[in-house]
Amino acid sequence: MVKIAVLVSGGGTNLQALIDAQASGVLSHGAIAVVVSSTPTAYALERARSAGIATAVANRKELNDQKAFEAAIERAIEQAGAEVIVLAGFMSILSADFTRKHANRILNVHPSLIPSFCGKGYYGLRVHEEALAYGVKVTGATVHFVNEIPDGGKIIMQKAVKILPKDTPQSLQKRVMKQAEWKILPAATDWVCDKIERGETL
Ligand code: GRF
C-alpha cells in the first residue's frame, strides 16, 4: 500500500472524493496517510479529522518564506512516510526544487481540459468564466503530474463535461467537479499508486 499525502487549502471536496474512494475501494493501491493544509482554517482539515486521518498545517501566512513553507510540508510528508503527494485545491505554487525532488510523484487536478484555460492565474471560477467567454462547447478536468511549470506536467487522466446553454461559471464549476474532478482524481491516484507498487516507471 502506497502512502499518500494530500495537500489542501480550502473546502476539500476533492479530498472528500479521495476519502470516499478509499472507503469504497476505488482507491485500493494507496492510503491517505496525512492531510497537510496551507492554512489552519481550511474545512478540509475537518474532513480529514472526521475520517481519522492525521493532519498537519504548514501555515503559508506565518511562514512567508517559500523555503520554510516547503520544509514544513516536507516534514509532514516524511513523518507520514508518504510517497505520493496529491494537490487537492492547494492554492500555493511549489518551487522547482520541490517538484524536481518529487518528480512523477505529485498529482494535481485542474478544472479544464489542459492545455485550455490553464497556467498561472487560472484557478477557481476564472477557469470557468474564461471557458464560457470563449464559447467552447466542451470543458472538463485534468489530472496531471506537477512540474515547475504551472499546469504544465504530463497529463495522467482527463474527463470531458458538456457546457449547457444556461451555464453560469458557478453551475459549470459544480458540474465539472461532480462529473469530472471527483471521479478522475481518485482514479488517477489509484493508477499511480498501482504503478509504484508494481515497481513500474511513471
Ligand atoms: C477544485 O476546483 C480544483 O480543481 C482546484 O481547486 C478546487 C478545490 O476545491 N485545484 P476543493 O477544495 O477540493 O473543494
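Structure shown above.
Residues numbered from 1 in each chain as written. Predicted model: local features only at pLDDT ≥ 70, side-chain atom pairs only at ≥ 80, totals over all residues. Heavy atoms only, no water.

S.K.: Before we go on, may I ask you to explain helix α3 (residues 66-80) in this structure?
M.R.: Between the first and last C-alpha of α3 there are 21 Å, a value that for 15 residues agrees with the 21 Å anticipated at 1.5 Å per step. Looking only at α3, the buried set comprises F69, E70, A72, I73, E74, A76, I77 and A80. Along its buried surface, α3 packs onto β1 (2-8), β2 (30-37), β3 (54-57), β4 (84-87) and α4 (96-101). Following α3 by one or two positions, G81 has its phi on the positive side, about 70°. (Helix = DSSP H or I, 4+ residues; strand = E, 2+ residues; numbered from the N terminus. Expected span 1.5 Å × (residues − 1). Buried < 20%, exposed > 50% of the residue type's maximum accessible area, 1.4 Å probe, protein only. Contact = heavy atoms within 4.5 Å.)

S.K.: Please explain the packing of aromatic side chains as it appears in this structure.
M.R.: We describe a pair of aromatic rings using the distance from one ring centre to the other and the angle between the two ring planes. Within this structure, the stated rule accounts for 2 aromatic pairs. Seen from their ring centres, F69 and F90 are 6.1 Å apart, and the 5° between their planes marks the pair as stacked. A residue pair is termed long-range when its members are at least 10 positions apart, and F69 in helix α3 and F90 in the loop between β4 and α4 qualify at 21 residues. Look at F69 and you get buried, because its relative accessible area is 0%. Stacked on the ring of F69, the Lys or Arg R60 has its end atom at 4.7 Å from the ring centre. The aromatic ring of Y122 is capped on one face by R126, whose charged end is 4.2 Å from the ring centroid. (Phe/Tyr/Trp six-rings, centres within 6.5 Å; stacked < 30°, edge-to-face > 60°. Lys NZ or Arg CZ within 6 Å of the ring centre and 35° of its normal.)

S.K.: Just checking my understanding: could you explain the pattern of salt bridges for this structure?
M.R.: Proximity of charged atoms lets side chains of opposite charge pair with each other. According to the stated counting rule, one finds 7 salt bridges in the structure shown. In this structure, E74 engages K101 in a salt bridge whose closest nitrogen and oxygen atoms are separated by 3.3 Å. Note that E74 is positioned in helix α3 and K101 in helix α4, a separation of 27 residues in sequence. (Salt bridge = Lys/Arg side-chain N within 4 Å of Asp/Glu carboxyl O.)

S.K.: For this particular structure, what's the right way to read the site of the ligand?
M.R.: Contacts to the ligand come from G11, G12, T13, N14, G89, V109, P111, M177 and E181. Within the backbone of V109, an N or O atom sits 3.2 Å from a nitrogen atom of the ligand. In the environment of the ligand, an oxygen atom lies 2.6 Å from a nitrogen or oxygen atom belonging to the side chain of E181. Summarising the interface, the protein chains cover 83% of the accessible area of the ligand, which totals 360 Å² for the free molecule. With respect to the pocket detection grid, the ligand is positioned in the largest pocket. Those elements that provide at least two residues to the shell around the ligand are α1 (13-24) and α6 (169-197). The residue inventory of the shell around the ligand, partitioned by class, reads 3 nonpolar, 5 polar and 1 charged. (Near = heavy atom within 4 Å. Polar contact = N/O pair within 3.5 Å; in protein donor to acceptor, adjacent residues only side chain to side chain. Areas by Shrake-Rupley, 256 points an atom, 1.4 Å probe, with all protein chains shown as cover. 1 Å grid on protein atoms, 1.4 Å probe; cavity = no way out; pocket = protein on both sides within 12 Å on 5 of 7 lines; lining within 4 Å. Sits in = over half its atoms within 2 Å of the grid points. Nonpolar A, V, L, I, M, F, W, Y, C, P; charged D, E, K, R; others polar.)

S.K.: What's the story with α1 in this structure? I'm lost.
M.R.: Structurally, the α-helix is built with 3.6 residues per turn, so residues lying three or four positions apart point the same way. When the terminal C-alpha atoms of α1 are compared, their 16 Å separation across 12 residues agrees well with the 16 Å that a helix rising 1.5 Å per residue should span. Every buried residue of α1 is accounted for by N14, L15, A17, L18, I19 and A21. Close packing links the buried residues of α1 with β1, β2, α2 (43-50), β4, β5 (106-110) and α6. Downstream of α1 by a residue or two, G25 has a phi angle that is positive, lying close to 95°.

S.K.: Would you mind going over unusual backbone geometry with me for this structure?
M.R.: Where the residue is not glycine, phi is negative for most of them; where a peptide bond is considered, it is trans in most cases. Put simply, I114 and P115 share a cis peptide bond, and its omega is 20°. Following the sequence through the fold, P115 ends up in the loop between β5 and α5 (125-134). Of note in this structure, N104 is not a glycine but carries a positive phi near 60°. Residue placement: N104 occurs in the loop between α4 and β5. A relative accessible area of 25% means that N104 is categorised as partly exposed.

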